[in-house]
Amino acid sequence: MKVAIVGASGAVGQEFLRLLAERNFPMDELVLFGSERSAGRKYSFKGEELEVKLLQHNDDFKDIDIAFVSAGGSTSKEFAETITRHGCVMIDNSSAFRMDEDVPLVVPECNATDALVRPRGIIANPNCTTIMMVVVLQPLEALSHIKRIRVSSYQSASGAGAAAMAELQEQYRQLVQGEPVTVQKFPHQLAYNVIPQIDVFTENGYTKEEMKMFNETRKIMHTDAKCSATCVRVSSLRSHSESVWIETEEPVSIEAAREAIANAPGCTLMDDPSRLVYPMPLETGGKDDVFVGRIRKDLSDPNGLTLWLSGDQIRKGAALNAVQIAEYLIRVGDVKR
């Protein structure tokens, strides 16, 4: 088994390195690829030093079974044919192919078998906020069909990449020192602030991030549920949070919802308001599960439930989900070797 990481120097690429080592991913060789800026860098992996190769249009992927790609949408589109030409499975972390009909969009806890039908050899990794939400909604869907979803996200700097995380830290330092604040990765200063915009606005007044939650949820869960989202950037460094309202066809009790989430793969129930226990980014960063709390009945709707969730955007919201897809393919024997 030969595996590649494309975009190895980025925040998600670095998380791939950590996860593949932590989970003892079953492979014989790991190859790293990057841009001209990253080529030649060296990273340690399980006691071995690996050098980043320049990503080119050649036959470098001829003997590679699975490629984890996290180098941006334009790179994914440009190199998809090069990566998949010889049978390599491309698990893509960008938004380039997510809504293409012939590309499965997969969260293993929800629709793992979709990954088995991939005419173009590509499997898309969903948007981070969508991944975390559907992992929690899937066990509730089993109790009663979810008709409507309303969600506000509270997304950390990590969602905009390693440079954005560094910019937030630098902004706090600059403010303490009385220096002018650097603003490059966000539309406004993020330190001591929240920004009600992630990605660009579309014609309907929603941002592309918000529309991703609408469209991707329906594709992953094979549902007709409609999702109205407001996505907000907050000044936490790592881990996203979401406040979610759902309307089901039949009433679902709090007790049933808690039990379903507590027993669901990828979820950890963290719900004891009497002891001030609920998920927060400071606690969920660096962990694999999506943590859920504040589960309660919606006072405005007898068929409504409200909950709060938090999870690591770089792990389950990106790299971990992709690795879990690959683990599933290996487990069912669906790789070229």
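So, here's what we can say about the structure. (Residues numbered from 1 in each chain as written. Predicted model: local features only at pLDDT ≥ 70, side-chain atom pairs only at ≥ 80, totals over all residues. Heavy atoms only, no water.)

## Concerning the overall build of the protein
Within the protein, the secondary structure is distributed over 9 helices and 14 strands. In terms of C-alpha radius of gyration, the protein reaches 20 Å, essentially the compact-globule figure of 20 Å for 337 residues. With the principal axes as the frame, the protein shows a C-alpha extent of 60 × 55 × 40 Å. The buried share of the protein, taken over its 337 residues, is 52%. Here the analysis covers contacts within the protein between residues at least 6 apart in sequence; of these, 66% occur between residues at least 24 apart. (Helix = DSSP H or I, 4+ residues; strand = E, 2+ residues; numbered from the N terminus. Rg over C-alpha atoms; globule rule 2.2 N^0.38 Å. Buried < 20%, exposed > 50% of the residue type's maximum accessible area, 1.4 Å probe, protein only. Contact = heavy atoms within 4.5 Å.)

## Description of the pattern of salt bridges
Per the stated rule, a full pass over the model turns up 24 salt bridges. Among the salt bridges present, the one from R315 reaches E15, with a minimum N-O distance of 2.7 Å. Taken together, the positions of R315 in helix 9 (residues 315-331) and E15 in helix 1 (residues 11-22) put the pair 300 residues apart, joining distant regions of the chain. Assessed through its relative accessible area of 5%, R315 is described here as buried. Here E109 ties to K316 by a salt bridge, and the two come within 2.9 Å at their closest N and O atoms. Here E109, found in helix 3 (residues 108-111), pairs with K316, found in helix 9; they are 207 residues apart in sequence, far enough to count as distant. Given the relative accessible area of 2%, K316 is considered buried. Each of E15, R18, E22, R23, R238, D288, D312, R315 and E327 takes part in salt bridges that share partners, so that together they form one network. (Salt bridge = Lys/Arg side-chain N within 4 Å of Asp/Glu carboxyl O.)

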